[in-house]
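Summary of structural features
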Amino acid sequence: MKLSRFIYSVIFITIICIIYVQLQIQIFELAYNGKKREATFKELLDRRAVMMYNINKLESAHNIGTSLLSRDSNLVFTDKTQIVKLDLPIQLAGILNTEPKLENKRPNWLSNFFSLKSEAQAKPIK
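In this text the structure is predicted, and so the values were computed from the model without any measurement. (Residues numbered from 1 in each chain as written. Predicted model: local features only at pLDDT ≥ 70, side-chain atom pairs only at ≥ 80, totals over all residues. Heavy atoms only, no water.)

1. Digging into the overall build of the protein chain
Across its full length, the protein chain holds 4 helices and 0 strands. Listing the helices and strands of the protein chain from first to last along the sequence gives α-α-α-α. The buried share of the protein chain, reckoned over its 126 residues, is 1%. Of the roughly 13,800 Å² of accessible surface on the protein chain, a fraction of 63% belongs to carbon and sulfur atoms. (Helix = DSSP H or I, 4+ residues; strand = E, 2+ residues; numbered from the N terminus. Buried < 20%, exposed > 50% of the residue type's maximum accessible area, 1.4 Å probe, protein only. Areas by Shrake-Rupley, 256 points an atom, 1.4 Å probe, with all protein chains shown as cover.)

2. A closer look at the pattern of salt bridges
Per the stated rule, a full pass over the model turns up 1 salt bridge. Note that K42 is salt-bridged to E38, the shortest N-O span being 3.6 Å. Of the two residues, K42 and E38 both sit in helix 1 (residues 3–58), 4 residues apart, roughly one turn of that helix. When its relative accessible area of 48% is taken as the criterion, K42 is described as partly exposed. E38 gets classed as partly exposed once you look at its relative accessible area, which sits at 39%. (Salt bridge = Lys/Arg side-chain N within 4 Å of Asp/Glu carboxyl O.)

3. Brief notes about the confidence of the model for the protein chain
Across the protein chain, the average pLDDT comes to 78, with 60% of residues at or above 70. When pLDDT is averaged over each element of the protein chain, helix 1 comes out on top at 92 and helix 3 (residues 90–96) at the bottom at 61. (pLDDT = per-residue confidence, 0-100.)

Next up, the structure:
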(Lines give C-alpha, C1' and ligand atoms only; values in the text may rest on other atoms or scores of the structure.)
Protein backbone atom coordinates (compact mmCIF):
# COMPACT_ATOMS: atom_id res chain seq x y z
CA MET A 1 0.00 0.00 0.00
CA LYS A 2 1.39 3.32 -0.98
CA LEU A 3 1.76 6.16 1.49
CA SER A 4 -0.48 8.49 -0.54
CA ARG A 5 -3.28 5.90 -0.61
CA PHE A 6 -2.99 5.51 3.20
CA ILE A 7 -3.15 9.29 3.73
CA TYR A 8 -6.24 9.55 1.50
CA SER A 9 -7.89 6.71 3.43
CA VAL A 10 -7.14 8.38 6.78
CA ILE A 11 -8.45 11.75 5.53
CA PHE A 12 -11.63 10.09 4.18
CA ILE A 13 -12.27 8.23 7.46
CA THR A 14 -11.60 11.44 9.43
CA ILE A 15 -14.12 13.38 7.32
CA ILE A 16 -16.74 10.62 7.82
CA CYS A 17 -16.12 10.69 11.59
CA ILE A 18 -16.42 14.49 11.71
CA ILE A 19 -19.71 14.37 9.77
CA TYR A 20 -21.01 11.67 12.14
CA VAL A 21 -20.08 13.71 15.23
CA GLN A 22 -21.69 16.82 13.72
CA LEU A 23 -24.93 14.90 13.10
CA GLN A 24 -24.93 13.60 16.67
CA ILE A 25 -24.42 17.14 18.00
CA GLN A 26 -27.39 18.35 15.92
CA ILE A 27 -29.55 15.48 17.22
CA PHE A 28 -28.78 16.37 20.85
CA GLU A 29 -29.30 20.08 20.18
CA LEU A 30 -32.73 19.39 18.66
CA ALA A 31 -33.63 17.17 21.61
CA TYR A 32 -32.67 19.92 24.10
CA ASN A 33 -34.67 22.48 22.11
CA GLY A 34 -37.66 20.12 22.11
CA LYS A 35 -37.45 19.71 25.89
CA LYS A 36 -37.29 23.49 26.35
CA ARG A 37 -40.32 23.97 24.11
CA GLU A 38 -42.20 21.26 25.96
CA ALA A 39 -41.44 22.90 29.30
CA THR A 40 -42.55 26.27 27.91
CA PHE A 41 -45.73 24.68 26.56
CA LYS A 42 -46.54 23.08 29.93
CA GLU A 43 -45.92 26.40 31.68
CA LEU A 44 -48.25 28.17 29.25
CA LEU A 45 -50.93 25.51 29.80
CA ASP A 46 -50.63 25.98 33.57
CA ARG A 47 -50.88 29.75 33.22
CA ARG A 48 -53.91 29.32 30.94
CA ALA A 49 -55.60 27.09 33.53
CA VAL A 50 -54.96 29.65 36.27
CA MET A 51 -56.31 32.46 34.07
CA MET A 52 -59.42 30.45 33.15
CA TYR A 53 -60.04 29.79 36.84
CA ASN A 54 -59.69 33.47 37.64
CA ILE A 55 -62.01 34.46 34.79
CA ASN A 56 -64.62 31.92 35.87
CA LYS A 57 -64.30 33.09 39.46
CA LEU A 58 -64.72 36.73 38.44
CA GLU A 59 -67.72 35.88 36.26
CA SER A 60 -69.47 33.76 38.89
CA ALA A 61 -72.95 34.80 39.96
CA HIS A 62 -71.85 35.31 43.54
CA ASN A 63 -69.00 37.62 42.58
CA ILE A 64 -71.12 39.60 40.11
CA GLY A 65 -73.90 39.97 42.67
CA THR A 66 -71.47 41.03 45.36
CA SER A 67 -69.78 43.57 43.10
CA LEU A 68 -73.10 44.99 41.95
CA LEU A 69 -74.44 45.29 45.48
CA SER A 70 -71.19 46.74 46.81
CA ARG A 71 -71.57 49.79 44.58
CA ASP A 72 -73.97 52.50 45.58
CA SER A 73 -76.93 51.36 43.52
CA ASN A 74 -80.55 50.58 44.13
CA LEU A 75 -80.25 46.96 42.97
CA VAL A 76 -81.44 44.28 45.39
CA PHE A 77 -82.04 40.54 45.24
CA THR A 78 -85.64 39.43 44.73
CA ASP A 79 -87.75 38.72 47.76
CA LYS A 80 -90.32 35.94 48.12
CA THR A 81 -93.06 38.53 47.87
CA GLN A 82 -91.86 39.55 44.42
CA ILE A 83 -92.20 36.04 42.95
CA VAL A 84 -95.49 35.07 41.35
CA LYS A 85 -96.56 31.43 41.12
CA LEU A 86 -99.04 30.40 38.44
CA ASP A 87 -101.23 27.35 38.84
CA LEU A 88 -102.07 25.78 35.49
CA PRO A 89 -104.59 23.07 34.70
CA ILE A 90 -103.06 19.67 33.97
CA GLN A 91 -104.16 19.73 30.32
CA LEU A 92 -102.50 23.09 29.69
CA ALA A 93 -99.37 22.09 31.61
CA GLY A 94 -99.01 19.05 29.33
CA ILE A 95 -99.16 21.28 26.26
CA LEU A 96 -96.58 23.69 27.63
CA ASN A 97 -94.16 20.92 28.53
CA THR A 98 -91.33 21.46 26.07
CA GLU A 99 -89.18 18.52 27.08
CA PRO A 100 -88.45 16.26 24.13
CA LYS A 101 -90.14 12.90 24.30
CA LEU A 102 -88.07 9.84 23.72
CA GLU A 103 -89.42 7.51 21.09
CA ASN A 104 -89.66 3.85 21.92
CA LYS A 105 -87.14 2.26 19.63
CA ARG A 106 -86.96 -1.47 19.30
CA PRO A 107 -83.61 -2.60 20.65
CA ASN A 108 -81.34 -4.39 18.29
CA TRP A 109 -81.14 -8.05 19.35
CA LEU A 110 -77.51 -8.23 18.22
CA SER A 111 -76.48 -5.32 20.45
CA ASN A 112 -78.40 -6.86 23.37
CA PHE A 113 -76.61 -10.14 22.81
CA PHE A 114 -73.15 -8.56 22.96
CA SER A 115 -73.85 -5.99 25.69
CA LEU A 116 -71.96 -6.40 28.93
CA LYS A 117 -74.41 -4.58 31.19
CA SER A 118 -77.98 -5.45 32.01
CA GLU A 119 -80.46 -2.63 31.98
CA ALA A 120 -82.32 -1.76 35.17
CA GLN A 121 -86.06 -1.60 34.73
CA ALA A 122 -88.50 0.02 37.12
CA LYS A 123 -91.84 -1.76 37.49
CA PRO A 124 -94.83 -0.22 39.27
CA ILE A 125 -95.97 -1.88 42.48
CA LYS A 126 -99.52 -3.23 42.22
